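# Descriptive analysis of the structure
Single-letter residue listing:
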Amino acid sequence: MAQTPAQGLTRIGDDVWAFLRPRGGWREANTGLVVAPGSASLVVDTMWDVAWARRVAQVQQPLVSRAPITEAVNTHSDGDHWWGNDTLPATARITTSAAARQGMREDLPPAALTVLATAGQLLGRVPGPIGRTGAYMARIPGDARFPRRLPRMPDHTFDTTERLVVGGRPVDLERLGPAHTAGDVIVHVPDAGVVFSGDLLFVGSTPVLWHGPLENWTDALDRLLALDADVYVPGHGPMCGSAEIREVRDYWMWLDAAARPHHARGTRPLDAARALVRSAEFVRFRDWHAPERIVLSLSTLYHVWDGNPPGPPTVVRRARAFADAEALLREGTV
Ligand SMILES: [Zn+2]
């Protein structure tokens, strides 16, 4: 039985493991491993930092030496969940939703993000919104080192649902996006009672609505609850149960209801965020990591409430939202 905890891996179900980075910051995404002992394995997500991605592959090694990795899943298009794909064996098939793969094609490649983060460090000293955008952009990767070239893309896609079989173990994929991103996928391992939610769950860490619509995200949370799993592994934060899913749902229901009047009055997102984080209802969410992300989600909500179709943020929308997030941090509002 391969149940000896490999260093860094947490056993979360029968032959199901996770590499957890519990604070759940920008650089701290979780990854998973499903093993069919003596037969085959499946990896869920890879980290964007080159050294961390290698480290995860190394600690997985003892568990997969007799159960080679034949399948991998990327839960969505954000780089922190797939830029480590080059650490996967070349023979492993990589699956994601068609919408997520489209997002991977359209998003900035890792080399561009490296350039922007470096430029951001310099720009961060410039006063005004450009400086604030730069400073926030530099916060996201921090000291992470991204791959120089675009990593291997998924080679297999599906539209809404897909069943993979890993050495006889069923693993069910469902696309529940567009919500956090265009093609959010969850990974359900029914025989172990485990769900990897990707970034449809942030635990103890403030979620970000990049794409929308928000209703899809709350529907996705209902779907996660309906699966009634023993353990959920969020994209960021510690593993959890249904109580934490309901908290994320409460956050979105609160933000949706509380922000609408600000939008209706024409209050800009930064001022709305300032008022919202000072409200009594926000107290229960205040200690989540990166509370300033509230204004990133407001940017998306406002975009949709203005009558635009949900979609990934343009460079301009993202830059404005980053400047607002940095403002909240600098003035000590959050
Ligand atoms: Zn993420």
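Just so we're clear, the structure is a prediction, and the values are computed from it rather than from any experiment.

Cut-off values and rules
- Residues numbered from 1 in each chain as written.
- Predicted model: local features only at pLDDT ≥ 70, side-chain atom pairs only at ≥ 80, totals over all residues.
- Heavy atoms only, no water.
- Helix = DSSP H or I, 4+ residues; strand = E, 2+ residues; numbered from the N terminus.
- Contact = heavy atoms within 4.5 Å.
- Core = buried A, V, L, I, M, F, W, Y, C linked by side-chain atoms within 4.5 Å.
- Buried < 20%, exposed > 50% of the residue type's maximum accessible area, 1.4 Å probe, protein only.
- Expected span 1.5 Å × (residues − 1).
- Axes fitted to C-alpha atoms, helices over the stretch in contact; angles between N-to-C directions.
- Left-handed = near helix turned anticlockwise from the far one by under 90°.
- Nonpolar A, V, L, I, M, F, W, Y, C, P; charged D, E, K, R; others polar.
- Donors = N, O, S within 2.8 Å, 3.2 Å for Na, K, Ca; no water.
- Tetrahedral: all angles 85-135°; square planar, octahedral: opposite > 155°, others 65-115°.
- Pairing = 2+ DSSP bridges.
- Salt bridge = Lys/Arg side-chain N within 4 Å of Asp/Glu carboxyl O.
- Patch = residues over 30% accessible without salt bridge, like charges linked within 9 Å, V, L, I, M, F, W, Y side chains within 5 Å.
- Areas by Shrake-Rupley, 256 points an atom, 1.4 Å probe, with all protein chains shown as cover.
- UniProt positions renumbered as here; feature names shortened; annotations may be inferred.

## Description of the environment of Pro110
- Relative to the helices and strands, Pro110 resides in helix 3 (residues 110-123).
- Residues Pro110 and Trp48, spaced 62 residues apart in sequence, show a C-alpha to C-alpha distance of 8.5 Å.
- Filtering out sequence-adjacent residues up to four positions away, Pro110 remains in contact with Trp83, Phe146, Pro147, Arg149, Leu150 and Pro151.

## Focus on the nonpolar core
- Core analysis: the largest hydrophobic core is formed by 58 residues, its most contacted members being Trp217, Tyr251, Trp252, Leu255, Ile294, Leu296 and Leu298.
- For this core, the secondary structure elements donating two or more residues are helix 4 (129-139), strand 11 (194-202), helix 5 (214-227), helix 6 (242-265), helix 7 (269-277), helix 8 (294-305) and helix 9 (315-330).
- The residues touching Trp217, leaving out its near neighbours within four places in the chain, are Ala179, His180, Asp199, Leu200, Phe202, Pro207, Val208, Leu209, Val248 and Trp252.
- Counting residues in each nonpolar core, the second largest holds 22 residues, with Leu20, Phe158, Val166 and Val231 among its members.

## Some details on helix 8
- With 12 residues, helix 8 extends 16 Å between its outermost C-alpha atoms, agreeing within 8% with the 16 Å of an ideal straight helix rising 1.5 Å per residue.
- Helix 8 sits mainly inside the fold: 10 of its 12 residues count as buried.
- For helix 8, every residue scored as buried is listed here: Ile294, Val295, Leu296, Ser297, Leu298, Ser299, Thr300, Leu301, Tyr302 and Trp305.
- Contacts made by the buried residues of helix 8 are with helix 4, helix 5, helix 6, helix 7 and helix 9.

## Concerning the packing of helix 7 against helix 9
- Between helix 7 and helix 9, the shortest axis-to-axis distance is 10 Å and the interhelical angle comes to 35 degrees. Of the two elements, helix 7 crosses helix 9, and the hand of that crossing is right-handed. Here helix 7 contributes Pro269, Leu270, Ala273 and Arg274 to the contact with helix 9, which in turn contributes Asp324, Ala327 and Leu328.
- Within the contact of helix 7 with helix 9, the residues separate by chemical class into five nonpolar, no polar and two charged.

## Some thoughts on unusual backbone geometry
- Residue Pro178 is reached from Gly177 by a cis peptide bond, and omega for that bond is 5 degrees.
- Tracing the sequence through the fold places Pro178 in the loop between strand 9 (169-175) and strand 10 (185-189).
- Cis peptide bonds are those with omega within 30 degrees of zero, and the linkage from Gly212 to Pro213 qualifies with 5 degrees.
- Residues other than glycine seldom take positive phi values, yet Asp45 does so here, at roughly 65 degrees.
- Tracing the backbone through its elements, the reader meets Asp45 in the loop between strand 4 (40-44) and helix 1 (50-64).
- For Asp228, which is not glycine, the phi dihedral falls at a positive 50 degrees.

## Points about the coordination of the zinc ion
- Protein coordination at the zinc ion: the donors are Asp80 (OD), His81 (NE2), Asp199 (OD) and His236 (NE2), at 2.1 to 2.3 Å from the metal.
- Geometry at the zinc ion is irregular, judged from its four donor atoms and the angles of 87 to 162 degrees they form at the metal.
- All donor residues of the zinc ion come from one chain, and their arrangement in sequence is D-H-x117-D-x36-H. Side by side, Asp80 and His81 carry an identical accessibility label, which is buried.

## Brief notes about the sheet that holds strand 9
- In space, the five strands of this open sheet follow the order 8-9-10-11-12, with mixed pairing throughout. If you trace the sheet from one side to the other, it starts and ends with strand 8 (161-166) and strand 12 (231-236), each paired once. The sheet shows a mean angle of 25 degrees between the axes of neighbouring strands, direction not considered.
- Across four bridges, the pairing between strand 9 and strand 10 is antiparallel. By the bridge assignment, Leu173 is partnered in strand 10 with Val187.

## Some points on the pattern of salt bridges
- All chains considered together, the criterion is met by 17 salt bridges.
- Residue Asp159 pairs with Arg175 through a salt bridge whose shortest N-O separation is 3.4 Å. Of this pair, Asp159 sits in the loop between strand 7 (156-158) and strand 8 while Arg175 sits in strand 9, and the two are 16 residues apart along the sequence.
- Residue Asp159 is classed as exposed on the basis of its relative accessible area of 52%.

## A closer look at a nonpolar patch on the surface
- A cluster of nonpolar side chains, Leu123, Val126 and Ile130, forms an exposed patch at the surface whose accessible area comes to about 240 Å².
- Its relative accessible area of 36% is what places Val126 among the partly exposed residues.

## Side note on the pairing of strand 3 (residues 31-36)
- The element strand 3 is extensively covered by neighbouring structure, given that six of its six residues are classed as buried.
- Alternating positions in strand 3 separate into two faces, Thr31, Leu33 and Val35 on one and Gly32, Val34 and Ala36 on the other, with burial throughout.
- Relative to strand 3, strand 2 (residues 16-19) is paired through four bridges, and the arrangement is antiparallel. Across the sheet, the residue bridging to Phe19 is Thr31, located in strand 3.
- Between strand 3 and strand 4, which follow one another and run antiparallel, lie three residues, and Gly38 among them has a positive phi close to 75 degrees.

## Some words on the UniProt feature "domain: Metallo-beta-lactamase" (unreviewed entry) in the chain
- On the UniProt side, "domain: Metallo-beta-lactamase" (unreviewed entry) is annotated at positions that read residues 28-236 here.
- Between the end C-alpha atoms of residues 28-236 the distance is 6 Å, and the span holds 30% helix and 27% strand.

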